[in-house]
Amino acid sequence: MPDLIQIDKELVRLSRSLGTAIDEYETVCREAAGARSDYDIAKARALLKADGSSRELREAEATLLCKDQMTECRIKENLMGALKERIRALQSVISVQQTRLKYLDEGETLGQRR
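### So, the nonpolar core
Counting 8 residues, the largest nonpolar core consists of Ile-7, Leu-11, Leu-14, Leu-18, Ala-21, Ile-87, Leu-90 and Ile-94. Of all the elements in the fold, those that place two or more residues in this core are helix H1 (2-49) and helix H3 (67-113). With 5 residues, the single largest contributor to this core is H1.

What follows is the structure in structure tokens.
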């Protein structure tokens, strides 16, 4: 019986962690979308102002002019990916713990029938 209680407590803790990660993911998704928009707008404006003699030079100049927005955007997008993986990992662990709980509970029930 102690194993059942421990697994149940762990499931509660993991479920809370999953809820927190999902909330964080939603927030980071909004932030990443905002950062991507800021970067795209900054790059478009920089391209319009760029003086390079070729397309490649104008692109390079525009990239340098909006490097801070690009960096912020990439950080947010990578954080979004990391949180998505964290959610998947938590879901997997919860699934494993639920399976353990089910089999231990069935074993306890069978043991009581004998």
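On we go from here.
### Topic: the pattern of salt bridges
Inspection of every chain in the model, using the stated rule, returns 9 salt bridges. Between Asp-40 and Arg-36 there is a salt bridge, with the nearest N and O atoms lying 3.5 Å from each other. With Asp-40 and Arg-36 both in helix H1 and 4 residues apart, the pair spans about one turn of that helix. A relative accessible area of 40% means that Asp-40 is categorised as partly exposed. The partly exposed category is assigned to Arg-36, whose relative accessible area is 31%. Among the ionic contacts, a cluster of salt bridges with common partners joins Glu-31, Glu-72 and Lys-76.

### Considering the packing of aromatic side chains
Taken as a whole, this structure holds 0 aromatic pairs when the rule is applied. Lys-102 extends its terminal NZ or CZ atom over the ring of Tyr-103, reaching a point 5.6 Å from the ring centre.

Calculation rules
- Residues numbered from 1 in each chain as written.
- Predicted model: local features only at pLDDT ≥ 70, side-chain atom pairs only at ≥ 80, totals over all residues.
- Heavy atoms only, no water.
- Core = buried A, V, L, I, M, F, W, Y, C linked by side-chain atoms within 4.5 Å.
- Buried < 20%, exposed > 50% of the residue type's maximum accessible area, 1.4 Å probe, protein only.
- Helix = DSSP H or I, 4+ residues; strand = E, 2+ residues; numbered from the N terminus.
- Salt bridge = Lys/Arg side-chain N within 4 Å of Asp/Glu carboxyl O.
- Phe/Tyr/Trp six-rings, centres within 6.5 Å; stacked < 30°, edge-to-face > 60°.
- Lys NZ or Arg CZ within 6 Å of the ring centre and 35° of its normal.

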